[in-house]
Amino acid sequence: MSGYEGLRSGELAAAAGVNAQTLRYYERRGLLAEPERTLGGHRLYPAEAVTVLRVIKAAQRLGFTLEEVAGLLETAGHRHRGDGLAERARLKLIEVEERIADLTVVAGALRQTIEAGCADLVGCAQADCCPIPFTPPAGPHRRTDPSEDRS
């Protein structure tokens, strides 16, 4: 070896189960520290970068956005500042439980739609027994402006 220690982009990506573009994206977002470079310009990441990437992906699977992950990583580096992981996890749990409640309602409406034999959305909407909720669920995290729908 030429005196350089660390993982090249491909090695890090493979070890963490991501692709090389993800590494660069996380660097731009400030989630992953910019690595040292060899004289030839190759990125060399410290071995700890594998753990950081795994933490990022695990937090995303738990429902945290990349912005929230950045805050969690910042908190980890400065334990005396901001909300800790437990508090942020508690808030995320509340959000997830609200989404589960909403999805439970959606699942019920879909079951009723199947059972009612609805064959046509417009026809179903005009029927008195239509099980499809044409009004959005009420909740603190819901959009209220119909123009915000992304359909």
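Just so it is clear, the model here is predicted, and its values are computed rather than measured. Position numbers for residues start from 1 in each chain and track the written sequence from start to end. Two thresholds apply to this predicted model, a pLDDT of at least 70 for residue-level local features and 80 or more for giving and counting side-chain atom pairs, whereas whole-chain, interface and lining totals are computed over all residues. Neither water nor hydrogens contribute to the side-chain values; these are computed over all heavy atoms in the structure.

To continue, consider the pattern of salt bridges. Here, a salt bridge means any Lys or Arg side-chain nitrogen found within 4 Å of an Asp or Glu carboxyl oxygen. Under the criterion given, the structure shown has five salt bridges. Residue Arg90 is joined to Glu87 by a salt bridge in which the shortest nitrogen-to-oxygen separation is 2.8 Å. Of this pair, Arg90 and Glu87 both sit in helix H5 (residues 85–116), three residues apart, which is roughly one turn of the helix. The salt bridge involving Lys92 is made with Glu95; its shortest N-O contact spans 3.2 Å. Placement of both Lys92 and Glu95 in helix H5 is noted, with a separation of three residues, approximately one turn of the helix. Only protein chains enter the accessibility calculation, which uses a 1.4 Å probe. A residue is then buried if its area is under 20% of the maximum for its type, exposed if over 50%, and partly exposed in between. We classify Glu95 as partly exposed; its relative accessible area is 29%. Connected through shared salt-bridge partners, Glu68, Lys92, Glu95 and Arg99 make up one network. Numbering of helices and strands starts at the N terminus; helices are DSSP runs of H or I of at least 4 residues and strands are runs of E of at least 2.

Packed helix pairs are characterised by how far apart their axes lie and by the angle those axes make with each other. Packing of helix H1 (residues 9–16) against helix H3 (residues 48–61) leaves a shortest axis separation of 9 Å and a crossing angle of 45°. Our classification of the angle between H1 and H3 gives oblique. The interaxial crossing formed by H1 with H3 has right-handed handedness. Contact residues: H1 offers Leu12, Ala15 and Ala16, while H3 offers Ala49, Val50, Leu53 and Arg54. Considered class by class, the residues forming the contact of H1 with H3 number six nonpolar, no polar and one charged. In this analysis an axis means a line fitted to C-alpha atoms, helices contributing only their contacting stretch, and an angle means the value between N-to-C directions, from 0 to 180 degrees. For classification purposes, an angle smaller than 35 degrees is called roughly parallel, one larger than 145 roughly antiparallel, one from 65 to 115 roughly perpendicular, and anything else oblique. Take the far helix as the reference: if the near one is turned anticlockwise from it by less than a right angle, the crossing is left-handed, and if turned clockwise, right-handed. By definition, residues are in contact when any of their heavy atoms lie within 4.5 Å. Side-chain classes follow a simple rule in which Ala, Val, Leu, Ile, Met, Phe, Trp, Tyr, Cys and Pro form the nonpolar group, Asp, Glu, Lys and Arg form the charged group, and the remainder, Gly included, forms the polar group.

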